[in-house]
Amino acid sequence: MKKRKMVIAFFVILIVALPYWALADHQANHTGEWEDLNKLSDTALQLSKQNRFEESLQLVEYFQREFEKTLKDDGSISARDIRTISASQQTAAKMLQETGITPDEKVRALIQLRLVVDAAASEHQPLWSSMEEPVMSAFSQVKGDVKIGDHQSFQQNWDEFVSLYETVYPSMMMDLDSEQLKRMDAHRSVVEDAIFTQIPVESQVNQLALMEEELQNLFNRVKEDDADPSLLWVMISTGSIIFLSLSYTGWRKYRGEKDKVNRERDMNK
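What counts as what
- Residues numbered from 1 in each chain as written.
- Predicted model: local features only at pLDDT ≥ 70, side-chain atom pairs only at ≥ 80, totals over all residues.
- Heavy atoms only, no water.
- Helix = DSSP H or I, 4+ residues; strand = E, 2+ residues; numbered from the N terminus.
- Buried < 20%, exposed > 50% of the residue type's maximum accessible area, 1.4 Å probe, protein only.
- Areas by Shrake-Rupley, 256 points an atom, 1.4 Å probe, with all protein chains shown as cover.
- Core = buried A, V, L, I, M, F, W, Y, C linked by side-chain atoms within 4.5 Å.
- Contact = heavy atoms within 4.5 Å.
- Axes fitted to C-alpha atoms, helices over the stretch in contact; angles between N-to-C directions.
- Parallel < 35°, antiparallel > 145°, perpendicular 65-115°, else oblique.
- Left-handed = near helix turned anticlockwise from the far one by under 90°.
- Nonpolar A, V, L, I, M, F, W, Y, C, P; charged D, E, K, R; others polar.
- Phe/Tyr/Trp six-rings, centres within 6.5 Å; stacked < 30°, edge-to-face > 60°.
- Lys NZ or Arg CZ within 6 Å of the ring centre and 35° of its normal.
- Expected span 1.5 Å × (residues − 1).
- Bend = angle between axes of the 7 residues up to and from the residue.
- Salt bridge = Lys/Arg side-chain N within 4 Å of Asp/Glu carboxyl O.

K.L.:
Talk me through the overall build of the chain; I want residue IDs and the actual numbers.
P.N.:
The secondary structure content of the chain amounts to nine helices and zero strands. Mapped from its N terminus to its C terminus, the chain presents α and β elements in the order α-α-α-α-α-α-α-α-α. In the chain, which comprises 269 residues, the share counted as buried stands at 34%. Roughly 16500 Å² of accessible area belongs to the chain as shown, and the carbon and sulfur atoms make up 55% of that amount.

Structural data, given as structure tokens:
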């Protein structure tokens, strides 16, 4: 009887765990392919920081070929994300070949590529969230310039903020609600309109405060999504095993009591 219980328990665990093993195997393959792409984009970025732009370009071009191979094996990535990564790769390749731009601009193009690849590969705490401090700091400088009325510094710091924000923007598109980004785009359009500098300073500061709040919400939003789906699946699987085990135990107890009643009834006849 004990052996029979063990056999039944084994099959129950096997039935419940089999989908998880299959999912884990698929995720391992998926993770391996994207980890390779992550390493390629990171190495290209590090080379660009050392002003080794020709070598960086070779890796970026190689990255595109490997990315296309990955797409054949992985059908889970959306068409929008494919377009975003491809566009960032093409931008990086173009910037690396340009002679009339600064090294910093080339590096930022590689940072953008690195961030979008990570956004596609990471389910939790994407790398672009680490850009919160420089982006928010640059925006704080913009607010300070408006308060003291330094128009020249305002334009310089605004350009710096926009450059940083546009570096992060594609990876944000891959992880965040499009409505949030549209609201941010609307705030940016107001500030970039020529009439912005003509309205009272108090109104300018209020507008920037609203934009800062919306910008902070973008970074806060990604922090909220920190639940681990694999952990959730383990909890569900474990719960299912416990439930089935308890159900089996209850059924055995019920059968035992029923058999006892039947035996007592037969004896009293």
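Having seen it, we continue.
K.L.:
Pulling in residues and values, what's your account of the environment of Gln 58?
P.N.:
Within the element layout of this structure, Gln 58 appears in helix 2 (residues 53–73). Spatially, the C-alpha atoms of Gln 58 and Ala 93 are 8.8 Å apart, while their sequence positions differ by 35 residues.

K.L.:
Give me the lowdown on the nonpolar core, citing residues and values where you can.
P.N.:
Residues Ile 85, Trp 128, Phe 161, Met 172 and Leu 215 are the most contacted members of the largest nonpolar core, which totals 55 residues. Broken down by secondary-structure element, the contributors of at least two residues to this core are helix 1 (2–49), helix 2, helix 3 (79–97), helix 4 (103–121), helix 5 (132–148), helix 6 (151–175), helix 7 (178–192) and helix 8 (201–224). Once residues lying within four places of it in the same chain are set aside, the contact partners of Leu 215 are Val 135, Met 136, Phe 139, Phe 161, Tyr 165 and Met 184.

K.L.:
Hey, could you go over the packing of helix 6 against helix 7 for me, with residue numbers and the actual values?
P.N.:
Close contact between helix 6 and helix 7 brings their axes to 13 Å; oriented N to C, the two are set at 160°. Considering their axes alone, helix 6 and helix 7 lie roughly antiparallel with respect to each other. Taken as a pair, helix 6 and helix 7 cross one another with a handedness that is left-handed. For the pair helix 6 and helix 7, the contacting residues are Phe 154, Trp 158, Phe 161, Val 162, Tyr 165, Glu 166, Tyr 169, Met 172 and Met 173 in the first and Leu 181, Met 184, Asp 185, Arg 188, Val 191 and Glu 192 in the second. Class assignment for the residues of the contact of helix 6 with helix 7 results in eleven nonpolar, no polar and four charged.

K.L.:
How would you explain the packing of aromatic side chains if you had to name every residue and give the values?
P.N.:
All chains considered together, the criterion is met by nine aromatic pairs. Ring plane angle 65° and centroid distance 5.1 Å describe the contact between Phe 139 and Phe 161, whose orientation is recorded as edge-to-face. Of this pair, Phe 139 sits in helix 5 while Phe 161 sits in helix 6, and the two are 22 residues apart along the sequence. Just as Phe 139 is buried, Phe 161 falls in that class too. With a centroid separation of 6.4 Å and an interplanar angle of 20°, the aromatic rings of Phe 154 and Trp 158 are classed as stacked. Residue Phe 154 and its partner Trp 158 are located together in helix 6, separated by four residues, close to a single helical turn. Classification of Phe 154 by relative accessible area gives buried; the value is 8%. Given the relative accessible area of 4%, Trp 158 is considered buried. An aromatic cluster is built from Phe 139, Phe 154, Trp 158, Phe 161, Tyr 165, Tyr 169 and Phe 196, whose rings are joined through pairwise contacts. Between Lys 106 and the ring centre of Phe 53, over which it is positioned, the NZ or CZ distance is 4.6 Å.

K.L.:
Could you give an account of helix 6, naming the residues involved and the relevant values?
P.N.:
Counted at 1.5 Å a residue, the expected span for helix 6 with its 25 residues is 36 Å, and the 35 Å between its end C-alpha atoms agrees. Taking the largest bend as the criterion, helix 6 deviates by roughly 40°, centred on Tyr 169, and proline Pro 170 comes between one and four positions later.

K.L.:
Just give me the short version of the pattern of salt bridges, but keep the residues and values in it.
P.N.:
According to the stated counting rule, one finds ten salt bridges in the structure shown. With a shortest N-O distance of 2.8 Å, Glu 55 and Arg 52 are connected by a salt bridge. Taking the shortest distance from any N to any O, the salt bridge between Arg 188 and Glu 192 comes out at 3.2 Å. One end of the pair is Arg 188 and the other is Glu 192, both in helix 7 and four residues apart, which spans about a single turn. The class for Arg 188 is buried, based on a relative accessible area of 17%. One connected set of salt bridges, linked through shared partners, spans Glu 166, Arg 188 and Glu 192.

K.L.:
I'd like to hear about unusual backbone geometry, residue by residue, with values.
P.N.:
You will see that Asn 51, though not glycine, has its phi angle at about 65°, which is positive. Within the fold, Asn 51 resides in the loop between helix 1 and helix 2.

Taken by themselves, the reported measurements are silent on function.
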